[in-house]
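Structure assessment
Below, each chain spelled out in residue letters.
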Amino acid sequence: MKIIGLIREGKSPADNRVALTPAQCKWIHKNLPQVKVIAESSPTRCFSDKEYTAAGVEVKDSVAEADILLGIKEVPVQQLIPNKTYLFFSHTRKKQPYNQKLLQAILEKNITLIDYECLEHEDGQRIIGFGFFAGVVGAHNGIMAYGNRTGLYQLERVYKQRSFRELIHTYFGLRLPNVKIAVTGSGRVAHGIIEVMNLMGIHEVEPDDYLRRRFAYPVYTQLKGADLYKHKETGTYSREQFHENPEQFTCKFLPYAAQTDILMNGVYWDKTIPRLFEKTDVAAEDFIIQTIADITDDADGSVPINVGDQTIEDPVYGIDKKTLEKVAPYTADTIDIMAVGNLPNELPRDASRYFGEQLIKFVLEDVLKGSSPLLDRATITHAGQLTLPYDYLSDYAKGIIT
């Protein structure tokens, strides 16, 4: 019998999402009799202890008996249980300084860490994640922020709706001005953004048309890899080449900044990838972007004027175009930034249901077996040792950040 434990989220602010919903646990018990799911009691989960109990899941004060522990966000160091297999988003693969001690503790405690973010098909396509709902919530909040800035319309907050279905009802009768919206990216985040664009009745136009003219109705254009990047020498774009050597490319976004009211950013970024623009560009007269929803949310990343996270309750801040300092939003001198690290928490039940479906469909069988090529690619540490694909983290694990 394999025991899977759903851990209580310990990171602050508390995350209310779950890896498996009560209904999904019930399905596992029915279809995989060799597996038992238990849940650590939690007052903050979007599904209550009562709902898990009603689904036949034992709710306990400790899940230390479990073989495999499923969480969402980083586990606080003092809550890590030695000698276990954990699945959660560790945010260590890019050598994030704020999680260096977490990786060190994982190694010290002889833990096997499988990172959801690293679960990828052979072609690099992510398998599971909350990106779609991050896109949905981020797009809504970006449109909301523009409404707050201009006073032309008002949008309800997402977290006040009980479900995605209920959120859609808030769009009935919404009349948007003739805005131009640039959507960057082609993955799950971008799919979520586009879902909201379509639900709001915003028309899609081709990038060339978008650059040439204004429209008598609200429009968006989706900018994918070939629209955003070109090789420094050849001027061409190859997805494979870009993923292998992004530093050889330059970004072509800036002309869009002269035609865009709202930027919805959904591109993956790390420090080798060129930014969409540079900080100095925002002072230019033809940089007309007023609102940026930085949904992938890397501080000083693809949107270099993202200076850090806000909260769900207060998601927007201003950046003064001249001083580049963080100020109150919604003034003539600011670009307003929506940057929140846990956007799917605004629709936690829908987001958790979607996540759990992918987990069961694509990952659970391999996790129960204990190994597979898919899992091996996502296992950062095995029994307290860095695995070969993540050997580049050895300096980081020793306390050095390069």
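Preceding block: the structure.
Quick summary incoming for the structure in this document.

Calculation notes
Residues numbered from 1 in each chain as written. Predicted model: local features only at pLDDT ≥ 70, side-chain atom pairs only at ≥ 80, totals over all residues. Heavy atoms only, no water. Core = buried A, V, L, I, M, F, W, Y, C linked by side-chain atoms within 4.5 Å. Buried < 20%, exposed > 50% of the residue type's maximum accessible area, 1.4 Å probe, protein only. Helix = DSSP H or I, 4+ residues; strand = E, 2+ residues; numbered from the N terminus. Contact = heavy atoms within 4.5 Å. Pairing = 2+ DSSP bridges. Salt bridge = Lys/Arg side-chain N within 4 Å of Asp/Glu carboxyl O. Phe/Tyr/Trp six-rings, centres within 6.5 Å; stacked < 30°, edge-to-face > 60°. Lys NZ or Arg CZ within 6 Å of the ring centre and 35° of its normal.

1. Section: the nonpolar core
Judged by nonpolar contacts, the single largest core of 99 residues is most densely connected at Leu-70, Tyr-116, Leu-119, Ile-143, Ile-181, Met-197 and Met-264. Here this core gets ten residues from one element, more than from any other, and that element is helix α4 (residues 131–150). Ignoring anything within four residues of it in the chain, the contact list for Ile-143 reads Tyr-153, Leu-155, Leu-176, Ile-181, Met-197, Met-200, Ile-202, Ile-262 and Met-264. With 31 residues, the next largest nonpolar core counts Phe-242, Leu-263, Phe-287 and Val-303 among its residues.

2. Some words on unusual backbone geometry
Even without being a glycine, Asn-110 presents a positive backbone phi close to 65 degrees. Locating Asn-110 in the fold gives a position in the loop between α3 (100–108) and β6 (112–115). Backbone geometry places Tyr-330, a non-glycine residue, at a positive phi of 70 degrees. In this fold, Tyr-330 is placed in the loop between β15 (326–327) and β16 (334–338).

3. Details of the sheet that holds strand β18 (residues 385–386)
The eight strands lie next to each other as β3-β2-β1-β4-β5-β6-β17-β18, forming an open sheet whose pairing is mixed. Each edge of the open sheet is held by one strand with a lone partner, namely β3 (58–60) and β18. Of the strand pairs in this sheet, strand β5 (residues 85–88) and β6 are connected by four bridges, and their pairing is parallel. Within β6, the position partnered with Leu-87 by the bridge is Ile-114.

4. Section: the environment of Gly-187
Examined against the element boundaries, Gly-187 turns out to sit in the loop between β7 (180–184) and α6 (188–199). Since its relative accessible area comes to 25%, Gly-187 is described here as partly exposed. Sequence separation between Gly-187 and Gly-266 is 79 residues, and the spatial gap between their C-alpha atoms is 7.7 Å.

5. A closer look at the pattern of salt bridges
Counted according to the given criterion, the structure contains 19 salt bridges. Here Arg-157 and Glu-346 are joined by a salt bridge, their closest N and O atoms 3.2 Å apart. Note that Arg-157 is positioned in the loop between α4 and α5 (164–169) and Glu-346 in the loop between β16 and α11 (348–369), a separation of 189 residues in sequence. You'll find Arg-157 and Glu-346 in the same group, each marked buried. For Asp-350, the salt bridge is made with Arg-353, and the minimal N-O distance between the two is 3.9 Å.

6. A word on the packing of aromatic side chains
Within the structure shown, the criterion is met by 20 aromatic pairs. Note on Phe-133 and Tyr-354: the rings are 5.9 Å apart at their centroids and 70 degrees apart in plane angle, and the pair reads as edge-to-face. Remark: Tyr-354 occurs in helix α11 and Phe-133 occurs in helix α4; sequence separation between them is 221 residues. A residue is classified by how much of its surface remains accessible, and Phe-133, at 6% relative accessible area, is buried. In this structure Tyr-354 comes out as partly exposed when scored by relative accessible area, which is 24%. Taking 6.2 Å as the distance between ring centres and 40 degrees as the angle between the ring planes, the aromatic pair formed by Tyr-210 and Tyr-256 counts as tilted. Taken as a pair, Tyr-210 in helix α7 (residues 207–212) and Tyr-256 in helix α10 (residues 254–257) lie far apart in primary sequence, 46 residues in all. For Tyr-256, a relative accessible area of 6% translates into the label buried. Through a chain of ring-to-ring contacts, three or more aromatic side chains come together here, namely Tyr-210, Phe-253, Tyr-256, Phe-277 and Phe-287. Between the NZ or CZ atom of Arg-17 and the centre of the ring of Phe-130, over which it lies, the distance is 4.4 Å. Cation over ring: Lys-180 sits above Tyr-210, and NZ or CZ is 4.6 Å from the ring centre.

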